[in-house]
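Next come the chains, spelled out residue by residue.
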Amino acid sequence: MGRHRGRGRLLALAIAFIPLSTAFYLPGTAPRDYRYGDSIEVYVNSLTPMLNSKLRSLISYDYYDQVFHFCQPDGGPVKQPESLGSILFGDRILSSPYQVDMMYNTSCNTLCRSHVPKDDAKFINDRIKEDYGVNFIIDGLPSSEMRQDVKTGEIFLDAQGFNLGKADPQTQQVALNNHYDIWIQYHVKDNAQYRVVGVMVYPSSRDSSPVDGSSAANCKTDRPLFLSETNDNDIYYTYSVNFIPSDIPWGLRWDAYLHVFDPKIHWFSLINSLIIASFLVFMVAMVLYRTITKDISRYNAIDLSEDVQEDYGWKLVHGEVFRVPDRPMVLSVFVGNGIHLLIMAGVTLIFALFGFLSPSNRGSLATVLLICWTFFGCVSGYVSARTYSTLGGEQWKPNLVLTAILVPTVVFATIGLLNLFLIGSSASGAVPFGTILAILLLWFVISIPLSVAGYFYGLKHGPFPHPVRVNPIPRQIPPKPWYLNTLQAAILGGILPFGAAFVELYFVLSSLFGNRAYYAFGFLFLTFVVLVLTTATVTVLFTYFILCAEEYRWHWRAFMIGGGQAFWLFAYGLWYWASRLSFDNFTSVVLYFGYLFIVALLDFLLGGAIGYISAYFAIRRLYTSIRVD
Ligand SMILES: *[C@@H]1O[C@H](CO)[C@@H](O)[C@H](O)[C@H]1NC(C)=O
């Protein structure tokens, strides 16, 4: 009783933690104190497309890509150190010539005069039409504009950056933003120490050619600046700096960025998926428990009676269920890699849930994912070895090699091709060679050896013993209903897990494409748990139906039913593309479908492995409980 109450309290604690975790984070870097007049470094990041109503591109450009002709610091821009995940997610952080000194308000500083040839002007205008945004990073904070949530009226900061320019949809005129008003919110600590607690940049377009005689840019004008595509342009970049006092303490400075859009919809989706999941679990428990106990008592009673009665239902196939399926090699490789992904995703989400992935560590989510993937390589080897030997496979050497390299090769090859495509289309956002090398090193030096070690450990544990013997001669399979065919069952079975997760998926996608921070990890974690439970339950239920129809080839069916959600994911990706995205360039389309393919493939492996493993243990349990002569 006491133990029971203790568990209840733990659960209550866990639930109380969820809303907190959406806004909770550990500060990643120590606060920096500035004195009056200390210079504050302004870093620039790559230019990214903004998600306003529709996303028009997926390509990001280096800030100092020559075509943009932004002002460079003396001695050239200096690269800033970044984490692997941050680079993979497109960050390229470099120094800039902006001069910002703590507590010095300045107005209309001329940054530089820039010469933009007509061809490059056309390129810039096209990017403005695609809603590209410029990203500054000041004291670790992304530059943003202050926005208001239309629904709740809350003020928040949008970390999407600020507009490169403004395209007028009516007149087709495209104005370049060449003046930036930088607003820095500061918080005074005692003894004249200041901390940066907010950064906003408001861009504007000003035709600031100097009035005759003067050499300084005249940025007091209201006339917008249009880049000519028929003549070369000489333009000025100007900026102003304003320091505004703020009472936000340093520890809470990220709160304005961690705006959860539509918390109601999150809750709605969560409750929706919880209902689906509990309904399912309940149904499966009822169906299986009642029918199976009835089945078992009847089967066992029949054995005791003298009459020779015919077996029926799933008991009929007791001599077949553990028959070796087609392609046990591929199946075990898939299952091993799927469980590997499951552990990787689960552990990363737990990290996120407890707030270790602070937004001030840029790219920490991707970095942790990568590290988890590397170090859980042993899981894939272990699971694959045990699955393969349970399936009676004997060619363990090729199995070992395939487990360690097949799936990562497909994924890395796809990413490599996409990267080549990016380089070929002369977009500057491709993953640099050094990063690729680092990932390959992680893979070859850590992940593969761990996978091999896991494999040998799995071999040592050997196969799971079958509870019933396999008949030497396979049974005939009677005709079965259409929905138990592999593909149909997979598509049907995939609906529920997908349905339980898709609203959250929508939020993940919009924050991914909107370049926004996604920090509703509490929701995401619960959704993930629900997804795993639903996948397992649906697969067990379908497998029961399959066996009742005297179809004993359940192995691949269970894998496909669990992985069926990937078909829906892919279809959803298509729909999202058609309705929310309108790419102007072919490269973005290729990138989108390349990444969609990878995500769907990984989801297929993950769901399939969950399905297969849960079906396997359910079947073991089932056939252990009957008496077979
Ligand atoms: C800078 O300007 C802002 C508003 O433009 C003002 O509120 C602030 O007090 C000024 N700060 C200093 C240090 O002069």
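Residues numbered from 1 in each chain as written. Predicted model: local features only at pLDDT ≥ 70, side-chain atom pairs only at ≥ 80, totals over all residues. Heavy atoms only, no water.

Topic: the state of the cysteines
Applied cut-off: Whenever a pair of cysteine sulfur atoms sits within 2.5 Å, that pair is classed as a disulfide. Helix and strand assignments come from DSSP, with helices taken as H or I runs of at least 4 residues and strands as E runs of at least 2, each series counted from the N terminus. Categorising residues by exposure relies on relative accessible area from a 1.4 Å probe, with only protein chains included: less than 20% of the type maximum marks a residue as buried, more than 50% marks it as exposed, and the intermediate range marks it as partly exposed.
Counted according to the given criterion, the structure contains two disulfides. Paired through a disulfide, C71 and C112 show a sulfur-sulfur distance of 2.0 Å. Residues C71 and C112 are joined by a disulfide whose S-S torsion is about -80°; by sign, that bridge is left-handed. Separated by 41 residues along the polypeptide, C71 in the loop between β2 (42-49) and α2 (84-88) and C112 in strand β5 (residues 106-116) bring together distant segments of the chain. Classification of C71 as buried rests on a relative accessible area of 3%.

Considerations on the site of the ligand
Applied cut-off: By convention in these notes, a residue is near a molecule or strand provided one of its non-hydrogen atoms lies within 4 Å of it. Definition of a polar contact: a pair of N or O atoms within 3.5 Å, with one able to donate and the other able to accept a hydrogen when the atoms are protein atoms, and with sequence-neighbouring residues admitted only if both atoms are side-chain atoms. Only the protein chains shown count as covering a residue, and every accessible area follows the Shrake-Rupley method with a 1.4 Å probe. For this scheme, ten residues count as nonpolar: Ala, Val, Leu, Ile, Met, Phe, Trp, Tyr, Cys and Pro. Four count as charged, namely Asp, Glu, Lys and Arg, and the remainder, Gly too, count as polar.
All residues adjacent to the ligand are M103, N105, N242 and F243. In the model, an oxygen atom of the ligand is placed 2.3 Å from a nitrogen or oxygen of the N105 side chain. Take N242: an N or O atom from its side chain is 3.3 Å from an oxygen atom of the ligand. Alone, the ligand offers 360 Å² of accessible surface; in the complex the protein occludes 51% of this. When its residues are assigned to classes, the shell around the ligand shows two nonpolar, two polar and no charged.

Observations regarding the environment of D295
Relative to the helices and strands, D295 is located in helix α4 (residues 263-304). Sequence spacing of D295 and W314 is 19 residues, and the spatial spacing of their C-alpha atoms is 8.9 Å.

What to know about a nonpolar patch on the surface
Defined as follows: The residues that make up patches have over 30% relative accessible area and no salt bridge, and they are joined within 9 Å when like-charged or within 5 Å when they are Val, Leu, Ile, Met, Phe, Trp or Tyr. Should a side-chain nitrogen of Lys or Arg be within 4 Å of a carboxyl oxygen of Asp or Glu, the pair is scored as a salt bridge.
A contiguous nonpolar patch, built from L402, L406, V410, F570, L574, W577 and F597 and spanning about 510 Å² of accessible area, is present on the exposed surface. Sorting the residues of the nonpolar patch by element identifies α8 (396-424) and α13 (565-580) as the ones contributing at least two each. Following the sequence through the fold, F597 ends up in helix α14 (residues 586-624). A residue is classified by how much of its surface remains accessible, and F597, at 38% relative accessible area, is partly exposed.

Some words on the nonpolar core
Selection criterion: Only buried residues count toward a nonpolar core. Its members are Ala, Val, Leu, Ile, Met, Phe, Trp, Tyr and Cys residues joined through side-chain atoms within 4.5 Å. Residue contacts are counted whenever heavy atoms from the two residues lie within 4.5 Å of one another.
The biggest cluster of nonpolar side chains holds 70 residues, and the ones touching the most others in it are W314, V321, W554 and Y623. Ignoring sequence-local partners within four residues, the contact set of W314 consists of I292, D295, I296, Y299, Y544, L547, C548, L622, Y623 and I626. L111, V134, I138 and Y180 belong to the second largest nonpolar core, which has 56 residues in total.

Things to note about the packing of aromatic side chains
Stated precisely, the cut-off is as follows: Aromatic pairing here means that ring centres of Phe, Tyr or Trp (its six-membered ring) are within 6.5 Å. Orientation follows from the plane angle: under 30 degrees is stacked, over 60 is edge-to-face, and everything else is tilted. Whether a charge sits over a ring comes down to the Lys NZ or Arg CZ being within 6 Å of the ring centre and within 35 degrees of the ring normal.
Overall, the coordinates contain 47 aromatic pairs when judged by the stated rule. An aromatic cluster is defined as three or more aromatic residues linked by ring pairs; in this entry it consists of Y61, Y63, Y64, F68, F70, F123, Y132 and Y237. The ring of F123 has R127 sitting right over it, with the charged end atom 4.5 Å from the ring centre. Seen from the ring of F464, R386 lies directly overhead, with NZ or CZ sitting 4.2 Å from the centre.

Let's talk about the domain arrangement of the protein
Note the cut-off: The source of the domain bounds is an automatic or database domain assignment. Reported buried area values correspond to the accessible surface (1.4 Å probe) lost by two parts on association, with both partners' losses combined.
Looking at the protein, the domain boundaries give domain 1 (35-252) and domain 2 (327-624). Between the C-alpha centres of domain 1 and domain 2 there is a distance of 40 Å. The interface of domain 1 with domain 2 comprises 31 residues on the first partner and 34 residues on the second. Taken over both partners, the interface formed by domain 1 and domain 2 buries close to 2,800 Å², and the fraction arising from carbon and sulfur atoms is 56%. Among the residues of domain 1 in contact with domain 2, L51, L58 and L84 are the three that bury the most area, contributing 22% of the side total. Applying the counting rule to domain 1 against domain 2 returns one salt bridge. On inspection of domain 1 and its partner domain 2, the count reaches eleven residue pairs in polar contact (both at pLDDT 80 or more). Elements with a contribution of two residues or more to the side of domain 1 that touches domain 2: β2 and α2. No other element matches α2, which puts five residues into the side of domain 1 that touches domain 2.

A few points about unusual backbone geometry
Positive phi outside glycine occurs at D139, with the angle close to 50°. Positionally, D139 belongs in the loop between β6 (132-138) and β7 (141-142). If you check the backbone angles, E550 has positive phi at about 60° while not being a glycine. With respect to the helices and strands, E550 occurs in the loop between α11 (521-548) and α12 (555-563). Under the relative-accessibility criterion, E550 is labelled buried at 18%.

Topic: the pairing of β2
Test applied: Should DSSP find at least two bridges between two strands, the strands are regarded as paired.
Most of β2 is tucked away: seven of the eight residues are buried. Here six bridges tie β2 to β6, and the two strands are oriented antiparallel to one another. Considered in β6, the bridge of Y43 is made with I137. Sheet analysis places β2 next to strand β3 (residues 94-95), joined by two bridges and oriented antiparallel. Across the sheet, the residue bridging to V44 is L94, located in β3.

Description of the packing of α8 against α14
Note the cut-off: Lines fitted to C-alpha atoms define the axes, with helix axes restricted to the stretch in contact, and inter-axis angles between N-to-C directions lie between 0 and 180 degrees. Any angle that falls under 35 degrees is termed roughly parallel, while one over 145 is termed roughly antiparallel, one within 65 to 115 roughly perpendicular, and all others oblique.
It is at 10 Å that the axes of α8 and α14 come closest, and there the two elements cross at 170°. For the element pair α8 / α14, the angle class is roughly antiparallel. For the pair α8 and α14, contact is made by V407, V410, V411, T414, I415, L418, F421 and L422 and by F586, T587, V590, L591, G594, Y595, F597, I598, L601, L602 and L605, respectively. Tallied by class, the residues present in the contact of α8 with α14 amount to 16 nonpolar, three polar and no charged.

Description of the pattern of salt bridges
All told, the structure shown has 15 salt bridges when counted by the stated rule. One salt bridge in this structure joins D33 and R195, with 2.6 Å as the shortest N-O distance. Pair noted here: D33 is in the loop between α1 (2-21) and β1 (39-40) and R195 is in strand β14 (residues 193-204), with a separation of 162 residues, a long-range link. Given the relative accessible area of 29%, D33 is considered partly exposed. Given a relative accessible area of 15%, R195 falls into the buried group. Here D207 makes a salt bridge to R223, at a shortest N to O gap of 3.0 Å. Remark: R223 occurs in the loop between β14 and β15 (233-245) and D207 occurs in the loop between β14 and β15; sequence separation between them is 16 residues. For D207, a relative accessible area of 18% gives the class buried.

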